[in-house]
Amino acid sequence: MTTLLPATETAIPIRCVDAAGWPAALAALPPLAAAFARASGFEAKPGRIALLPGPEGAIESVLFGVEGGDRGDAFAAGRLPDALPEGTYRLDGYPGDPALAALAWRLSGYRFGRYRERAAPQARLAAPAGVDAAEIDRIADAVAAGRDLVNTPANDLGPAEVEAAARALAERFGAACTVVAGEALEAGFPLIAAVGRASPRAPRLIDIAWGNPSAPRVTLVGKGVVFDTGGLDIKPSAAMLLMKKDMAGAAVALAAAEMVMGAGLPVRLRVLVPTVENAVAGDAFRPGDVLKSRRGLTVEIGNTDAEGRLILADALALADEEAPELVFDFATLTGAARVALGPDLPALFTEDDALAADLCATGLSVNDPVWRMPLWAPYAGLLDSKVADLNNVSGGPFAGSVTAALFLRRFAPAAKAHVHLDLYGWNPSAKPGRPEGGEVQTARLVYALLKRRYAAPRAARSAS
């Protein structure tokens with residue numbers, strides 16, 4: 001992924017035109033360019049592109065069809081890098097947010113090339129006026145790192161490799177990183193240990209701490225199941241094909257942390273990543289087992305394929321012990337959320353109405369959307385167990401994402417605000433700014449919200 005270039009007037013202009021403005025734009029073109037546009041049949045429809053020559057035959061400008069008004073795709077400019085030849089370009093008359101246009105350009109240039117070389121686009125973008133190019137590059141680089149983790153198959157990404165990525169990130173920003181494994185994990189985090197014990201690749205809990213201890217406490221918790229067979233409630237083969245992405249929650253937490261630390265936000269950040277492989281072996285945890293959690297609640301295992309909420313429960317209990325101001329957990333948790341909202345729209349659960357509204361509005365503003373779902377308290381009864389404090393699954397087929405969120409809420413009651421984000425972590429098909437493959441949904445959203453909440457007030461105080 002190439003970085004943005006400094007703003008320059010010598011870059012080739014990309015003239016953004018919609019249907020209403022096309023006649024005037026055509027009339028303003030030099031005669032040669034206008035004649036070429038007519039001859040090529042260019043129409044100012046969204047996504048259409050035409051390369052216009054100058055007198056010497058070189059590309060003088062580019063026409064790019066956009067949607068008029070506020071209806072367009074905020075990442076529409078992400079179509080351009082793959083469609084343009086090598087060169088340096090600048091946006092001219094782009095109707096949307098120029099920062100999102102620049103970010104879409106950067107994100108569209110991502111390629112996962114670990115196993116075979118994949119050529120990246122050679123078209124470069126000069127940063128639009130007023131856009132913080134360094135900020136865009138930091139965000140894009142964090143997204144790329146997260147995508148790489150999700151795209152890496154489980155044979156090359158186990159709990160140890162997730163730990164290595166977390167340690168490298170912590171070292172880069174001078175953060176503390178501790179890891180709990182072995183007997184200490186079994187004693188302190190029994191649900192994480194139980195889920196991961198059937199794999200030869202040992203489970204562990206990664207704990208990163210960064211920032212001034214007296215600053216507002218923000219904790220990110222990411223589900224790190226590097227591969228999910230379903231355990232003894234084994235998945236059918238078709239359902240395992242994308243299970244390398246079951247650690248996307250961990251990738252989201254690490255990507256968001258990279259953005260926060262890279263920007264130097266005035267928070268005390270903590271990142272907790274329980275990482276395991278849910279495998280099948282003679283010592284695998286079983287349906288019907290009753291396990292004790294870090295919080296002390298006993299959990300009956302109704303289904304071993306609902307393992308993500310178990311490892312998150314122990315991590316949330318740890319997070320809750322210091323009563324942070326904000327707790328976010330990220331997880332590829334339920335198929336029910338995907339049935340309800342599809343792959344592009346993560347489900348948001350929180351009891352804090354103001355925070356939910358802020359998250360939804362922020363998601364739209366940075367093109368990283370979420371949709372609020374209800375934490376409907378009466379459904380908590382669906383998790384009742386006859387032998388334990390609660391079951392890890394509900395007793396029926398309904399409201400699966402809601403009951404999963406209610407399960408997690410039991411383990412973080414002291415948090416001032418707890419947000420659960422149930423996401424897909426994958427782009428099923430390529431779209432502008434979102435290549436097919438792993439995706440760190442909600443990482444940019446959480447970073448944008450934290451930046452506005454904590455960095456903006458500090459800047460305002462400094463200016464007063």
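Model, not experiment: these values are computed from the prediction.

Novice: Please set out the overall build of the protein residue by residue, giving values where relevant.
Specialist: Counting secondary structure elements, the protein contains 15 helices and 19 strands. Relative to a compact globule of 464 residues, whose C-alpha radius of gyration would be 23 Å, the protein shows 24 Å and is just as compact. If you line up the protein on its principal axes, its C-alpha atoms span 80 × 55 × 40 Å. Counting the 464 residues in the protein, one finds 55% classified as buried. Taking the average place of the 46 positive charges on the side chains of the protein and the average place of its 52 negative ones, the gap between the two points comes to 1 Å.

Novice: How would you summarise the side chain of Glu-135 if you had to cite specific residues and measurements?
Specialist: With respect to the secondary-structure elements, Glu-135 resides in helix H5 (residues 133–151). Within the structure, Glu-135 has its side chain in polar contact with the side chain of Lys-451 (distance 2.9 Å). If we ignore the near neighbours within four places in the chain, the residues touching Glu-135 are Tyr-447 and Lys-451.

Novice: Give me the sheet that holds strand S11 (residues 290–292): which residues, what numbers.
Specialist: The strand order across the open sheet built from three strands is S11-S12-S16, with neighbouring strands paired in mixed fashion. The sheet is open, and its two borders are formed by S11 and strand S16 (390–391), each paired with just one other strand. Summarising the sheet, strand S12 (residues 298–300) and S16 pair through two bridges and their orientation is parallel. Counterpart to Glu-300 in the pairing with S16 is Asn-391.

Novice: Could you give an account of the pattern of salt bridges, with specific residues and numbers?
Specialist: Opposite charge on two side chains lets them pair, provided their charged atoms get close. Following the criterion strictly, the structure yields 30 salt bridges and no others. The partner of Arg-204 in a salt bridge is Glu-163, with the nearest N and O atoms 2.7 Å apart. With Arg-204 in strand S7 (residues 204–210) and Glu-163 in helix H6 (residues 159–172), this pair connects stretches of sequence that are 41 residues apart. Accessibility assignment for this pair places Arg-204 and Glu-163 in one class, buried. Ionic pairing is found between Asp-353 and Arg-372, a salt bridge with its closest N-O pair at 2.9 Å. Of this pair, Asp-353 sits in helix H13 (residues 353–365) while Arg-372 is found in strand S15 (residues 371–372), placing the two residues 19 residues apart along the sequence. Classification of Asp-353 as exposed rests on a relative accessible area of 52%. Residue classification places Arg-372 among the partly exposed positions, given a relative accessible area of 33%. When salt bridges that share partners are traced, they join Asp-207, Arg-217, Arg-268, Arg-270 and Glu-322 into one network.

Novice: How would you summarise the environment of Ala-315 if you had to cite specific residues and measurements?
Specialist: Mapped onto the fold, Ala-315 is located in helix H11 (residues 308–320). Judged by its relative accessible area of 0%, Ala-315 is buried. Separated by 92 residues in the primary sequence, Ala-315 and Lys-223 have C-alpha atoms spaced 9.2 Å apart. Leaving out residues up to four positions away in the same chain, Ala-315 has contacts with Ile-192, Leu-205, Val-221, Leu-272 and Pro-274.

Novice: Report on a nonpolar patch on the surface, specifying residues and quantitative values.
Specialist: Nonpolar side chains collect at one region of the surface, where Leu-232, Ile-234 and Val-280 lie side by side and expose about 260 Å² of accessible area between them. Its location among the elements puts Leu-232 in the loop between strand S9 (224–228) and helix H9 (237–240).

Novice: Kindly report on helix H4 (residues 98–108), identifying the contributing residues and their values.
Specialist: Taken across its eleven residues, H4 has nine buried, putting it largely inside the fold. Buried within H4 are the following residues: Leu-100, Ala-101, Ala-102, Leu-103, Ala-104, Trp-105, Arg-106, Leu-107 and Ser-108. Capping of H4 at its N-terminal end is provided by Asp-97; its side-chain oxygen lies 2.8 Å from the backbone amide nitrogen of Ala-99.

Novice: Now, about the packing of aromatic side chains: what can you tell me, with residues and values included?
Specialist: Applying the stated criterion across every chain, the model contains five aromatic pairs. With centroids separated by 5.2 Å and ring planes inclined at 45°, the aromatic side chains of Phe-407 and Phe-411 adopt a geometry described as tilted. In terms of burial, Phe-407 and Phe-411 fall into one category: buried. Seen from the ring of Tyr-424, Lys-245 lies directly overhead, with NZ or CZ sitting 4.1 Å from the centre.

Novice: Give a detailed account of the UniProt feature "domain: Cytosol aminopeptidase" (unreviewed entry) in the protein, specifying residues and quantitative values.
Specialist: Per the UniProt record, the feature "domain: Cytosol aminopeptidase" (unreviewed entry) sits at residues 303–310. The span residues 303–310 carries 38% helix and 0% strand; its end-to-end C-alpha distance comes to 11 Å.

Rules and cut-offs
- Residues numbered from 1 in each chain as written.
- Predicted model: local features only at pLDDT ≥ 70, side-chain atom pairs only at ≥ 80, totals over all residues.
- Heavy atoms only, no water.
- Helix = DSSP H or I, 4+ residues; strand = E, 2+ residues; numbered from the N terminus.
- Rg over C-alpha atoms; globule rule 2.2 N^0.38 Å.
- Buried < 20%, exposed > 50% of the residue type's maximum accessible area, 1.4 Å probe, protein only.
- Lys, Arg positive; Asp, Glu negative; His and termini not counted.
- Charge placed at Lys NZ, Arg CZ, Asp CG, Glu CD.
- Polar contact = N/O pair within 3.5 Å; in protein donor to acceptor, adjacent residues only side chain to side chain.
- Contact = heavy atoms within 4.5 Å.
- Pairing = 2+ DSSP bridges.
- Salt bridge = Lys/Arg side-chain N within 4 Å of Asp/Glu carboxyl O.
- Patch = residues over 30% accessible without salt bridge, like charges linked within 9 Å, V, L, I, M, F, W, Y side chains within 5 Å.
- Areas by Shrake-Rupley, 256 points an atom, 1.4 Å probe, with all protein chains shown as cover.
- Phe/Tyr/Trp six-rings, centres within 6.5 Å; stacked < 30°, edge-to-face > 60°.
- Lys NZ or Arg CZ within 6 Å of the ring centre and 35° of its normal.
- UniProt positions renumbered as here; feature names shortened; annotations may be inferred.

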